[in-house]
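Now for the letters of each chain:
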Amino acid sequence: MQRQVQKAIAFAEKAHHGQLRKTGDPYLTHCIHTGRILAMLVPSSGKRAVDTVVAGILHDVIDDTCESLHSIEGEFGVDVAKLVAGVSRLSHINQLLRRNRRINVNPDTLGPEEANNLRVMLLGMVDDPRVVLIKLADRLHNMRTIYVLPLPKAQAVAKETLVIWCSLASRLGLWALKAEMEDLCFAVLQPQVFRKMRADLASMWSTSSRAGNPRRISARASLLPLDEKNIDSEDKGSMAIDEDITSMKDLLEAVVPFDILLDRRKRTKFLNSLRSTLETHSKPKVLHDAGIALASLVVCEEALERELIISTSYVPGMEVTLSSRLKSLYGIYSKMKRKDVSISKVYDARALRVVVGDKNGTLQGPAVQCCYSLLNIVHKLWTPIDGEFDDYIVNPKPSGYQSLHTAVQGPDSSPLEVQIRTQRMHEYAEHGLAAHWLYKETGNKLSSISSMDESEIEASSYISKDMDNQNSMADDLFHKYSSLKVGHPVLRVEGSHLLAAVIIRVDNDGRELLVAVSFGLPASEAVAARRSSFQIKRWEAYARLYKKVSDEWWCEPGHGDWCTCLEKYTLCRDGIYHKQDQFGRLLPTFIQVIDFTEQEESEYWDLVSAVFEGRQVDSVTSMPSFESITSTSMEASINKKVRLLRTMLRWEEQLRSEASLGQPKHGGKPYVNPGSVVLGEVVIVCWPHGGIMRLRTGSTAADAARRVGLEGKLVLVNGQLVLPSTELKDGDVVEVRM
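How each quantity is defined
Residues numbered from 1 in each chain as written. Predicted model: local features only at pLDDT ≥ 70, side-chain atom pairs only at ≥ 80, totals over all residues. Heavy atoms only, no water. Core = buried A, V, L, I, M, F, W, Y, C linked by side-chain atoms within 4.5 Å. Buried < 20%, exposed > 50% of the residue type's maximum accessible area, 1.4 Å probe, protein only. Helix = DSSP H or I, 4+ residues; strand = E, 2+ residues; numbered from the N terminus. Contact = heavy atoms within 4.5 Å. Pairing = 2+ DSSP bridges. Axes fitted to C-alpha atoms, helices over the stretch in contact; angles between N-to-C directions. Parallel < 35°, antiparallel > 145°, perpendicular 65-115°, else oblique. Nonpolar A, V, L, I, M, F, W, Y, C, P; charged D, E, K, R; others polar. pLDDT = per-residue confidence, 0-100. Salt bridge = Lys/Arg side-chain N within 4 Å of Asp/Glu carboxyl O. Arc of directions from axis to C-beta. Expected span 1.5 Å × (residues − 1).

### Overview of the nonpolar core
Phase 1: Among the nonpolar cores identified, the biggest contains 92 residues, and Leu58, Ile72 and Leu177 are the most heavily contacted of them.
Phase 2: Sort the elements by how many residues they give to this core and helix 9 (residues 151-171) lands first, with nine residues.
Phase 3: Ranked by size, the runner-up nonpolar core spans 53 residues in total, among them Val356, Cys371, Leu404 and Ala500.

Structure representation (structure tokens):
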């Protein structure tokens, strides 16, 4: 990689010679920083990764210098040239969207539907997701240096970044980059709130905090809209933390770079450097507060690491990896507004992540057992916060995300979230939805990303689910568990031992359960593959256990045989059903109720009926394939993409007309884009996958068939069979049939 990168830097240095940024630095510094950001996001080897970094260094060459796309292709190859062209095209589209909003829409407002339409338009014009990655790296560095822009322009760019580009970062699974970009935008849009929240967190996480003397934080200190005009005078007074006026540059420096959080060595070096700077120079308090937040993570991480080394409870030889993260201040701010809680009630503001190795999935069952064993270690080390345990391993999120989430009182007596999952679950959470393409040397389709629903993306993010306040917790638990049915499957957890169990009796409106536990049904493998197509076979084991207990007329705690036993469980203050022994004592052993999807519930009870009636279990149909479920939504998504793409192409045609006439409307300057890679093309949508194809102007249906390797086959344009010589137009939907 190093040789190609050095070559790209030399090429960019020559092309950008004499150009300066508004910071006063040579333009080359921006190219190098963009490349560095990309190098932190891509694998350290592989041609696709190297080409991504090289294209990031060269991303502005064809737009801002005299160099051509042809010269880049000659020096660095076709792949790099296509990436640079894609970034140029994306920049052109972004400018086009800005112009249309400036003319036709109120630029100060951007509703959710309009924002989603803009995101779809941007993604719809991208052939390779690495183009979006390069543009995100470019935007991140621009946000780090946005202090040089006039405040109104900086705020406009920050709003656009927050609504459009942060969302695109989440669609690619780049959670750490997204968090940094959110905080940079937050510092520009709400500097006072940013400083106040940074100070509040530093107060909570300071080493001087103790359990007997908790820091009290104002419940609504930061519950303010993202509009400085709405901050009343009383709130302004409460936010005056520094005697001096902190500049925007200082606030941006108080945002910790995402790579510092991802690398423990970098974090240590960063803290040492920050400590040295604060000792020798007079710096604003906000920078000191940022250092306290980062240092608190180190304290928590080291405390848990020591405990893991000392403890021998987890599976011997199982590799355990520990990492940490800080939730973005903007994310904390959004949760406080949404839940109407104080900052001290945002329990996932900082988090530790424990990943258990599973030998590429071959030891998934033992790894799941290890996760529950580690949960036990965490709860012995730190006091759990009542009601803040979520078992997404037993009950995955709709997206398939699996992990154990628990909130505890950390070493400084402030909330700390701990996430525990296997390596396979971790890879799915981090790369399974969108970012996996970067680690593959073949294939670069983006259709799965652009068609994904926003709520599904957010469901799989690294951020844990929102929690309600303590007063409503009991009511929520009552509503959740009061409808439990006899025969419902549950999971019994005792340390690292997971066993299948079913509910036999529900007492006291769901607060007490009698449960039949099968000591011959280890459940770790079933739990690990909760949403697999073989789950219906596993439901059969629960159904047969239920029938066995019914046939034997076992109905009290202690009833059973050598492999089955009835146990009593009570719903406790922590929101978990704990085992109750014959003396009424509550034990650490607990059960986790398995939450059904609507489809799973129907299948399970059909299977129970089949078992009780003696019918063949094979007669119970399994759930339909994912492809059949999503075919209708995929078609609707493609139709929406076609509609938005045609709208954007119409804007572009209007722009070209104005440029050719040299008579701009609405008082703007004529649009000039020398060397644009967008002109001279026809853009079509490929059915049924929704991919975007670009052909030369004047291309025909036969050219489209030839491009996809099906020369001579029938071609349908906009649903109609056409002759091979039919000329294609922008926005046509083309299907080539075998």
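### Describing the side chain of threonine 34
Phase 1: Residue placement: threonine 34 occurs in helix 2 (residues 28-41).
Phase 2: Excluding anything up to four places from it in sequence, threonine 34 contacts Gly56, His59, Ile134, Ala137 and Asp138.

### As for unusual backbone geometry
Phase 1: In the Ramachandran plot, aspartate 340 falls in the positive-phi region, its phi being about 55 degrees despite a non-glycine side chain.
Phase 2: If you trace the backbone, aspartate 340 turns up in the loop between helix 17 (329-339) and strand 2 (350-356).
Phase 3: For asparagine 508, which is not glycine, the phi dihedral falls at a positive 55 degrees.
Phase 4: In this structure, asparagine 508 sits in the loop between strand 7 (497-507) and strand 8 (512-522).
Phase 5: Since its relative accessible area comes to 45%, asparagine 508 is described here as partly exposed.

### Topic: the sheet that holds strand 2
Phase 1: Ordered in space as 1-2-5-4-3, the five strands form an open sheet in which the pairing is mixed. Looking at which strands have only one partner, the edges of the open sheet turn out to be strand 1 (320-326) and strand 3 (383-391). Across the sheet, the mean angle separating the axes of adjacent strands is 20 degrees when strand polarity is ignored.
Phase 2: Bridge analysis of strand 2 against strand 5 (residues 415-422) gives six bridges, and the strand direction is parallel. The partner of valine 356 across the bridge, within strand 5, is threonine 422.

### A few points about the packing of helix 11 (residues 191-205) against helix 17
Phase 1: One can describe the packing of helix 11 onto helix 17 by two numbers: an axis separation of 11 Å at closest approach and a directional angle of 90 degrees. When the axes of helix 11 and helix 17 are compared, the pair comes out roughly perpendicular. The residues of helix 17 that touch helix 11, namely those facing Val193, Phe194, Met197, Arg198 and Leu201, are Leu329, Ile332, Tyr333 and Met336.
Phase 2: Of the residues that constitute the contact of helix 11 with helix 17, the class distribution is eight nonpolar, no polar and one charged.

### Remarks on the confidence of the model for the chain
Phase 1: Of all residues in the chain, 70% attain a pLDDT of 70 or more, and the chain-wide mean is 76.
Phase 2: Looking at the elements of the chain, mean pLDDT is at its lowest for helix 21 (residues 454-459), recorded as 34, and at its highest for strand 4 (residues 404-409), recorded as 94.
Phase 3: Note that pLDDT drops below 50 for residues 432-473; the model gives that stretch 101 contacts with residues more than four away or on any other chain.
Phase 4: A low-confidence stretch, residues 663-679 stays under pLDDT 50, and its non-local contacts, those more than four residues away or across chains, total 22 contacts.

### A look at the pattern of salt bridges
Phase 1: Here the structure, examined in full by the defined rule, presents 31 salt bridges.
Phase 2: Here arginine 544 and glutamate 540 are joined by a salt bridge, their closest N and O atoms 3.0 Å apart. In this pair, arginine 544 and glutamate 540 are both assigned in helix 24 (residues 535-552), four residues apart and thus about one turn of the helix distant.
Phase 3: In the salt-bridge network here, residues are joined through shared partners; they are Arg264, Arg267, Glu301 and Glu305.

### Quick look at helix 5 (residues 69-76)
Phase 1: The complete set of buried residues in helix 5 reads Ser71, Ile72 and Phe76. Axial view of helix 5: buried residues confined to an arc of 105 degrees, hence all on one face. When the buried face of helix 5 is taken as reference, the exposed residues oriented beyond 90 degrees from it are His70 and Gly74.
Phase 2: Just downstream of helix 5, glycine 77 is the residue with a positive phi angle, here 100 degrees.

### Considerations on helix 11
Phase 1: A rise of 1.5 Å per residue sets the reference length of helix 11, with its 15 residues, at 21 Å; its end C-alpha atoms lie 21 Å apart and thus fit the reference within 8%.
Phase 2: Within helix 11, 12 of the 15 residues are buried, leaving the element largely enclosed by the surrounding structure.
Phase 3: Those residues of helix 11 that fall on the buried side of the exposure criterion are Val193, Phe194, Arg195, Lys196, Met197, Arg198, Ala199, Asp200, Leu201, Ala202, Met204 and Trp205.

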